[in-house]
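Given next are the chains, with one letter for each unit.
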Amino acid sequence: GEDVEQSLFLSVREGDSSVINCTYTDSSSTYLYWYKQEPGAGLQLLTYIFSNMDMKQDQRLTVLLNKKDKHLSLRIADTQTGDSAIYFCAEWGSQGNLIFGKGTKLSVKP
Amino acid sequence: SQTIHQWPATLVQPVGSPLSLECTVEGTSNPNLYWYRQAAGRGLQLLFYSVGIGQISSEVPQNLSASRPQDRQFILSSKKLLLSDSGFYLCAWETGAGYNEQFFGPGTRLTVL
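Definitions and limits used
- Residues numbered from 1 in each chain as written.
- Chains lettered and ligands numbered in written order.
- Predicted model: local features only at pLDDT ≥ 70, side-chain atom pairs only at ≥ 80, totals over all residues.
- Heavy atoms only, no water.
- Contact = heavy atoms within 4.5 Å.
- Buried area = accessible area lost by both parts, 1.4 Å probe.
- Salt bridge = Lys/Arg side-chain N within 4 Å of Asp/Glu carboxyl O.
- Helix = DSSP H or I, 4+ residues; strand = E, 2+ residues; numbered from the N terminus.
- Nonpolar A, V, L, I, M, F, W, Y, C, P; charged D, E, K, R; others polar.
- Pairing = 2+ DSSP bridges.
- Polar contact = N/O pair within 3.5 Å; in protein donor to acceptor, adjacent residues only side chain to side chain.

Let's talk about the interface of chain A and chain B
Now for step 1: Contact residues are listed per partner, giving 18 residues for chain A and 19 residues for chain B.
Now for step 2: Both faces considered, chain A and chain B share a buried interface measuring about 1,500 Å² in area, 59% of it formed by carbon and sulfur atoms.
Now for step 3: When the buried surface of chain A facing chain B is broken down by residue, A:Leu43, A:Trp92 and A:Phe100 rank first, second and third, together holding 27% of it.
Now for step 4: Connecting chain A to chain B are 0 salt bridges.
Now for step 5: Mapped by element, the contributors of at least two residues to the side of chain A that touches chain B are strand 4 (31-37), strand 5 (43-50), strand 9 (85-92) and strand 10 (98-100) of chain A.
Now for step 6: If one sorts the elements of the side of chain A that touches chain B by residue count, strand 4 of chain A sits on top with 4 residues.
Now for step 7: Tallied by class, residues from the side of chain A that touches chain B come to 11 nonpolar, 6 polar and 1 charged.

In structure tokens, the structure reads:
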């Protein structure tokens, strides 16, 4: 079945770059997403990438997509303490619904 | 602008008691609506989705049910809660067009004791 995998934890120092990785299984996914969840809150769409793109950059965020390996990554440049959150990778599955990974908890140390 | 509301924000219920969580959306018409549960260590699990009034699709068999009595109202219910129903329940909506961005509510933290 369709599945999205990502590592559960990442710890970085303030000012460093963070890279969160994700693998997915459905090669027909048209869109792939990164959502951010701050403590005790709902999810918020950070960015998305269309499947015919390799890279998308939006200010401090860079999304890289390797369709051959079904690998998606999110790079946050100059990570700040306010970036501490859980980051969810998601794909738009063949059944017409979002399939989420379990989330990567990013901890930013001062 | 569109907003999504969920209530209550937190809930503590005994095992075997009923449940009703409500989600309402403002500022849009005929949205697709979703209920997710986020349990510790299990990520985000889709429970139900609805493409219109009275149309509910269930993704996971369980003792929960959902209803959509009005276009912008989505209700999650249970007749008898189990301990395993504890979690963070999120409602979301999307237009079903474009890049399918889903907009999430603030969530309800449910603890079943």
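Overview of the pairing of strand 7 (residues 61-66) of chain A
Residues and elements named next belong to chain A.
Now for step 1: Here strand 6 (residues 55-58) runs beside strand 7; their pairing, made up of 4 bridges, is antiparallel. Looking across to strand 7, one finds that Lys56 is bridged to Val63.
Now for step 2: Two successive antiparallel strands, strand 6 and strand 7, enclose a turn made up of 2 residues, where Gln59 displays a positive phi of approximately 55°.
Now for step 3: Strand direction decides the pairing type here: strand 7 and strand 8 (residues 71-76), joined by 6 bridges, are antiparallel. By the bridge assignment for strand 8, Leu64 is matched with Ser73.
Now for step 4: With antiparallel pairing between neighbouring strands as the criterion, strand 7 and strand 8 make up a hairpin whose turn holds 4 residues, including Lys70 at a positive phi of roughly 55°.

As for the side chain of A:Thr79
Residue and element names in this part refer to chain A.
Now for step 1: Tracing the sequence through the fold places Thr79 in the loop between strand 8 and strand 9.
Now for step 2: A polar side-chain atom of Thr79 sits 2.7 Å from the main-chain carbonyl oxygen of Asp16.
Now for step 3: Excluding its chain neighbours within four sequence positions, the residues that come into contact with Thr79 are Val12, Arg13, Glu14, Gly15, Asp16, Ser17, Ser18, Arg60, Leu106 and Val108.

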